[in-house]
Amino acid sequence: MIVSPAQVGSVYVHAPFCARRCVYCDFAVTVRRTGDVDAWLEAIAAELAFVVREGLFTLPSSLDTLYVGGGTPSLLGASAMTGLVELLEAEGVGVPAGVEWTAEANPESLDAVVSAAWSRAGVNRLSLGLQTFHEPSLRWMGRLHGPDGPLRALDAARASGIEDVSVDLIFGLPARLGRSWEDDLERVVALDVPHVSLYGLTVEPRTALGRAVRDGREPAVDEDRYAREFLRASEVLTTAGYEHYEVSSFARPGFRARHNAVYWSGAPYLGLGNGAHGYAPPVRRWNERDWETYRSRLAAGHSPEAERETVDDEARRLERIWLGLRTSDGIPAPAPGSSAELLVRRWADDGLARVEAERVRLTPAGWLTLDTLAVELDARDGAFDLRS
Ligand code: SF4
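Structural notes, computed from the coordinates.

Definitions and limits used
Residues numbered from 1 in each chain as written. Predicted model: local features only at pLDDT ≥ 70, side-chain atom pairs only at ≥ 80, totals over all residues. Heavy atoms only, no water. Helix = DSSP H or I, 4+ residues; strand = E, 2+ residues; numbered from the N terminus. Rg over C-alpha atoms; globule rule 2.2 N^0.38 Å. Buried < 20%, exposed > 50% of the residue type's maximum accessible area, 1.4 Å probe, protein only. Phe/Tyr/Trp six-rings, centres within 6.5 Å; stacked < 30°, edge-to-face > 60°. Lys NZ or Arg CZ within 6 Å of the ring centre and 35° of its normal. Salt bridge = Lys/Arg side-chain N within 4 Å of Asp/Glu carboxyl O. Core = buried A, V, L, I, M, F, W, Y, C linked by side-chain atoms within 4.5 Å. Domains from an automatic or database assignment. Contact = heavy atoms within 4.5 Å. Arc of directions from axis to C-beta.

**Notes on the overall build of the protein chain**
Each helix and strand counted, the protein chain has 14 helices and 19 strands in total. Expected size for 388 residues packed as a compact globule is a radius of gyration near 21 Å; at 21 Å, the protein chain falls within 12% of this value. Counting only C-alpha atoms and orienting by the principal axes, one finds that the protein chain spans roughly 60 × 55 × 45 Å. Here the protein chain holds 388 residues, and 53% of them are scored as buried.

Right under this line is the structure:
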């Protein structure tokens, strides 16, 4: 199949290092006390040159959004983001003011020096791994910061001029830890940050938590508690002035995450780094997950790509329904009189969706069963036209 190059405006760059692996983490992470910034920059530069030569993506002279995630990007230290700008510019890709540039950070490695250097390089949005203020839960998760860590990191970010901060908050932790969800929500609201991301605890088989659940040392996730905490967060945060604009995302007006919106819209994006995914419709590609494998393939002059797939129309339709329903913008309402319309009316009667302004939007209760609803709708006639 001949595929024309996808013009991308959004780039994700993966930072692979973490100082310790959290009990639930299944990400492409390499455990190191400090990040190897030189090796990281060298590998990303080599991959970018590869991308340019290969021609699957056309890079812009100026990006719309740049997202550095991980792993723990803050473990790469103060110079990392300047180095990243330099290697992008070397390939003709500019990161001027106005680009939404997000970098993830963990509280223990984001100090005033790192924050100021990142701000000077152009980072204007931080995603901070707060998770909880409850000390025993932080210890249980294997986090390296204490309850005051996020406050110090937030002060450092604000002092360096980065006001647009998102905090990550985890819910659905085991009841025996004694974590108060109400206390955490109250303290997060008091931080007065413009964005909050919620993550439910999931048990992945290849993690320490997965093994503990399998061996009966930890209970499985309590689904009722999970649902209760999710719905309560939606209530508390929307009452405090946040818009619940995507299943996991809350923003003050004007602070929706632009980079993530690219994923939800089905637009192309480029991913660099180990385990990173890229999308040049209809091709999705992803890199070797293991940092050393990724890096050594590049060092030997080979592509770090692990696999690629062609997303056919059938798969793309389900994906567009699922991605659209994730957001409060929803998807176009089904054709009148179709079996999809009947289904959506039933969802509305059950409090799972609203149909307004010719769009279907899930409620927070609907978001709890998003996967099932998307598959159900996809199976109906008149559900969604890929051209819409
Ligand atoms: S800090 Fe994030 S990426 Fe690193 S181990 Fe913990 S959950 Fe995984």
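On we go.
**Looking at the packing of aromatic side chains**
Counted by the stated rule, this structure contains nine aromatic pairs. Considering the side-chain rings of Y245 and W264, the 6.0 Å spacing of their centres and the 65 degrees angle between planes classify their relative orientation as edge-to-face. With a gap of 19 residues between them, Y245 in strand β11 (residues 243–246) and W264 in helix α9 (residues 258–265) connect regions that are remote in the sequence. Both residues of the pair, Y245 and W264, count as buried. The rings of F171, W181, Y226 and F230 are connected pair by pair, giving a single aromatic cluster. The side chain of R284 reaches across the aromatic face of Y279, ending 4.7 Å from its centre.

**Quick word on the pattern of salt bridges**
Under the defined criterion, the tally for this structure stands at 30 salt bridges. R317 is paired through a salt bridge with D378; the nearest N and O atoms lie 3.0 Å apart. Linking R317 in helix α11 (residues 313–326) with D378 in helix α14 (residues 370–378), this pair joins segments that are 61 residues apart in sequence. Here D378 falls in the buried class, since its relative accessible area comes to 19%.

**A closer look at the nonpolar core**
Counting residues in each nonpolar core, the largest one holds 91 residues, and the members touching the most others are W40, M81, L84, W101, L325, W347 and L377. Taken together, domain 1 (6–265) and domain 2 (314–378) each give at least three residues to this core, which thus spans both. Residues within four places of M81 in sequence aside, it is in contact with V68, P73, W101, A103, W118, A121 and V123. Among the nonpolar cores identified, the runner-up in size contains 14 residues, and C18, C25, M141 and I170 belong to it.

**Quick word on helix α6 (residues 181–191)**
W181, D184, L185, V188 and L191 are the residues of α6 that are buried. Down the axis of α6, the sector holding all buried residues measures 115 degrees, keeping them to one side. Turned more than 90 degrees away from the buried face of α6 sit E186 and A190, all of them exposed. In this fold, the buried residues of α6 make contact with β8 (125–131), α5 (149–159), β9 (164–171), β10 (195–200) and α8 (223–239). Of the residues flanking the end of α6, it is D192, one or two places downstream, whose phi is positive at about 60 degrees.

Functional significance is not addressed by these values, which are geometric in nature.
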